[in-house]
Amino acid sequence: MSFRPWLSDDENDAYAWITYAPSALRKEPKEYELHKGITVQHWYPANVTFPLAEDRGLELTDSIPNTLGLIIVSERLKRFLEANAGAHMEFLPARLLDQKDRLVPEPYFILNLLEVVECVDLEKSQYERSAIIPSFIAWFSLLVVDPARIPPEAKLFRLKEKPNLILIREDLAQVLVNEDYTGMMFLDLEEYGREWGRT
């Protein structure tokens, strides 16, 4: 079974985006743990409120596109993932503030995925390591995974080598597409990273 990166849908200009983290998170010394597959419920602040970008669209989606490397999901998508993803995860309340500074009544949540799998084929992939944390990969121009290292039951997980990148099993991604969940896109692995060029 193949896997696809879970990315923000940047092709629909009507979608609302989040491009700025609230101060409650920016001031938190452990904010980086939201990207590492670590439980954060013990420090996660109350009333975290994300402002929607004024220069983007107005349409609220099931997965709010953002530039923060987070997956912010609707109640509907939360319920779907709880029932179908089969992964260790926690959902952290996240309020949205619309472009007129009004609270969005619908509940949203940060999906903090705790499932982490080490499965990158480092010999076949093309990548650049992080200058700050050399054990992590900063970006891929070609991502190849080793299927033999992925647990057969895995449907949704972070890459250990690049924990802010989430992979979803192709069949689960297709259900999300078929049932019209919005705001995210799932690229074929061979397409992911092309913008960085390949040797």
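In what follows, the accompanying structure is described. As the structure is a prediction and not an experimental result, all values here were calculated from the model. (Residues numbered from 1 in each chain as written. Predicted model: local features only at pLDDT ≥ 70, side-chain atom pairs only at ≥ 80, totals over all residues. Heavy atoms only, no water.)

Observations regarding the environment of glycine 37
Point 1. Here glycine 37 is to be found in the loop between α1 (23-26) and β2 (49-51).
Point 2. With relative accessibility at 18%, the residue glycine 37 sits in the buried group.
Point 3. Glycine 37 sits 77 residues away from leucine 114 along the chain, and the two C-alpha atoms are 4.2 Å apart. (Helix = DSSP H or I, 4+ residues; strand = E, 2+ residues; numbered from the N terminus. Buried < 20%, exposed > 50% of the residue type's maximum accessible area, 1.4 Å probe, protein only.)

Focus: helix α3 (residues 170-178)
Point 1. Taken as a whole, α3 has its buried residues at Leu172, Ala173 and Leu176. Taken down its axis, α3 places every buried residue within 100° of arc, on the same side.
Point 2. Those residues of α3 hidden inside the fold are in contact with β1 (3-8), α2 (75-84), β10 (162-169) and β11 (184-186).
Point 3. One or two residues past the end of α3 sits aspartate 180, with phi positive at roughly 65°. (Arc of directions from axis to C-beta. Contact = heavy atoms within 4.5 Å.)

Re the packing of aromatic side chains
Given two aromatic rings, their pairing is described by the distance between the two centres and the angle made by the two planes.
Point 1. The full count for this structure, using the stated rule, is five aromatic pairs.
Point 2. Measuring from ring centre to ring centre gives 5.6 Å for tryptophan 6 and phenylalanine 186, while their planes differ by 85°; the resulting arrangement is edge-to-face. A residue pair is termed long-range when its members are at least 10 positions apart, and tryptophan 6 in strand β1 and phenylalanine 186 in strand β11 qualify at 180 residues.
Point 3. Aromatic side chains phenylalanine 80 and tyrosine 181 sit 5.3 Å apart centroid to centroid with 50° between the ring planes, which places their arrangement in the tilted category. Linking phenylalanine 80 in helix α2 with tyrosine 181 in the loop between α3 and β11, this pair joins segments that are 101 residues apart in sequence. (Phe/Tyr/Trp six-rings, centres within 6.5 Å; stacked < 30°, edge-to-face > 60°.)

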